[in-house]
Amino acid sequence: MESFFGWLIILALGGSGLASSVKIVNQGNEALVERLGKYSGKKMGPGLNFLIPVVDRVAFQETIREKVLDVPPQQCITRDNVSITVDAVVYWRIMDMEKAYYKVENLRLAMQNLVLTQIRSEMGQMELDQTFTARAEINEILLRELDIATDPWGVKVTRVELRDLIPSKAVQESMELQMSAERRKRASILTSEGERESAVNSARGKAEAQVLDAEARQKAAILDAEAQQKAIVLKAQAERQQQVLKAQATAEALQIVTKALKGDANAHEALQFLVAQSYLEMGTKIGSSDSSKVMFMDPRSIPATLEGMRSIVGDGNQHSQSLSFDLEKLNR
């Protein structure tokens, strides 16, 4: 009976020792093994692993997947002495499990304090307006600085994002007043620019209208002058044609008279009568003209005048033959 209990104790101790010598590590995790309290360089990967009971033990087990560190909000002072609340989120992963456990006591707390310090440092180098416009630049700087600072801990920082930048209430009110004033300023500028463009367009329209009016008057004057010139030319041509026709009519009348008086014994008296008749018609025309002048003639001098004209006609008979010859040439 005593031997039976002895075997049960041996089996229990052997089973517990066997169970402690078997260790299962999940996928994505790694574990560090210490032998007699000293790290021997042995790491356990995912799957089934065996340990020496009592001698070996699992000192540290952690995932090697990427993790998220939520940085709580903190008060920062910018370069222009403005208080601002900033929080961030950091993405990181363990690259060297040995360094992550033996180089720093509390890795997560160390990283959180390091991120807070870097954020305060970067915010202190910028003014308030720059913190809103240069967020991508701040993220890149923080990523570079944190990656360098955490490299001795076997950690790789993959991404840093500033989440919220919240100024104090007084600063927010001042910013709202500033933005309101800026909007009013822009509205005033746009209004003045619109009025200026309207005035410029109006002046330009008036100038173009004046130019068009001047060009129209110039063209009208040119057309009027051309019309007057054409009218003068046509009038001169008409007068010339009238004179030519009158001359032709006179020549034809002379030819008819010459033919009629040729060989007539009373041709001399007939010519004198025609000359006197022409003289009287000329006086009638002068008297009926608008710009005529008064001609005084003594009725008793009319016979003397006719006598003088008769003598002129008598002298002209000497040239009647030559005149007849010229008329005949003209007819030819």
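Computed from a predicted model, the values in this text were never measured in an experiment.

A. Fine view of the environment of S168. By secondary structure assignment, the location of S168 is in the loop between strand 8 (155-167) and helix 6 (169-261). Between the C-alpha atom of S168 and that of S83, which follows or precedes it by 85 residues, the distance is 6.2 Å.

B. Spotlight on the nonpolar core. Judged by nonpolar contacts, the single largest core of 36 residues is most densely connected at L107, I119 and L162. Looking at which element gives the most residues to this core, the answer is helix 3 (residues 107-123), with eight residues. Ignoring sequence-local partners within four residues, the contact set of L107 consists of W92, I94, A100, W153 and V155. Membership of the second largest hydrophobic core comes to five residues, among which are V25, V33, M44 and L51.

C. Local environment of the environment of V171. Note that V171 resides in helix 6. Given the relative accessible area of 17%, V171 is considered buried. Sequence separation between V171 and L128 is 43 residues, and the spatial gap between their C-alpha atoms is 9.8 Å. For V171, the residues in contact, after removing those within four places along its chain, are V82 and L128.

D. Structural view of the packing of aromatic side chains. Under the defined criterion, the tally for this structure stands at two aromatic pairs. On the numbers, 5.4 Å between centres and 40° between planes, the contact of Y39 with Y102 is tilted. Of the two residues, Y39 sits in strand 3 (residues 38-44) while Y102 sits in helix 2 (residues 97-102), which places them 63 residues apart along the sequence. Judged by relative accessible area, which is 17%, Y39 ranks as buried. Pairing Y101 with Y102 gives two aromatic rings, centres 4.8 Å apart and planes at 80°, and the pair type is edge-to-face. Overall, the relative accessible area of 29% leaves Y101 in the partly exposed class. Within the aromatic cluster, the residues linked to one another by ring pairs are Y39, Y101 and Y102.

E. Geometry of the sheet that holds strand 5 (residues 56-63). The strand order across the open sheet formed by three strands is 3-2-5, and the pairing between neighbours is antiparallel. A strand with exactly one partner marks an edge of an open sheet, and here the two such strands are strand 3 and strand 5. The average angle at which neighbouring strand axes cross in this sheet is 30°, direction not considered. Here strand 2 (residues 29-35) runs beside strand 3; their pairing, made up of five bridges, is antiparallel. Across the sheet, V33 pairs through a bridge with K42, a residue of strand 3.

F. The arrangement of helix 3 in detail. Between its terminal C-alpha atoms helix 3 stretches 24 Å, which fits the 24 Å expected from 17 residues at 1.5 Å a residue. Among the residues making up helix 3, those that are buried are L107, A110, M111, L114, V115, L116, Q118, I119, E122 and M123. Buried residues in helix 3 make contact with strand 6 (67-77), strand 7 (83-94), helix 2, helix 4 (128-133), helix 5 (135-150) and strand 8.

G. Quick look at the pattern of salt bridges. For the structure shown, the criterion picks out nine salt bridges. Across the salt bridge formed by D70 and R163, the nearest N and O atoms sit 2.5 Å from each other. Of this pair, D70 sits in strand 6 while R163 is found in strand 8, placing the two residues 93 residues apart along the sequence. The class of R163 is partly exposed, set by a relative accessible area of 39%. The salt bridge involving R186 is made with E182; its shortest N-O contact spans 3.6 Å. Here R186 and its partner E182 are both found in helix 6, four residues apart, which amounts to about one turn of the helix. Beyond isolated ion pairs, a larger network of salt bridges with shared partners links D70, D87 and R163.

H. Representation of the sheet that holds strand 7 within the structure. The antiparallel open sheet is built from three strands, whose spatial order is 6-7-8. In this open sheet, the two edge strands, each paired with only one partner strand, are strand 6 and strand 8. Direction aside, the axes of adjacent strands within the sheet are offset by 20° on average. Here strand 7 runs beside strand 8; their pairing, made up of 11 bridges, is antiparallel. By the bridge assignment for strand 8, D87 is matched with D164.

Cut-off values and rules
Residues numbered from 1 in each chain as written. Predicted model: local features only at pLDDT ≥ 70, side-chain atom pairs only at ≥ 80, totals over all residues. Heavy atoms only, no water. Helix = DSSP H or I, 4+ residues; strand = E, 2+ residues; numbered from the N terminus. Core = buried A, V, L, I, M, F, W, Y, C linked by side-chain atoms within 4.5 Å. Buried < 20%, exposed > 50% of the residue type's maximum accessible area, 1.4 Å probe, protein only. Contact = heavy atoms within 4.5 Å. Phe/Tyr/Trp six-rings, centres within 6.5 Å; stacked < 30°, edge-to-face > 60°. Pairing = 2+ DSSP bridges. Axes fitted to C-alpha atoms, helices over the stretch in contact; angles between N-to-C directions. Expected span 1.5 Å × (residues − 1). Salt bridge = Lys/Arg side-chain N within 4 Å of Asp/Glu carboxyl O.

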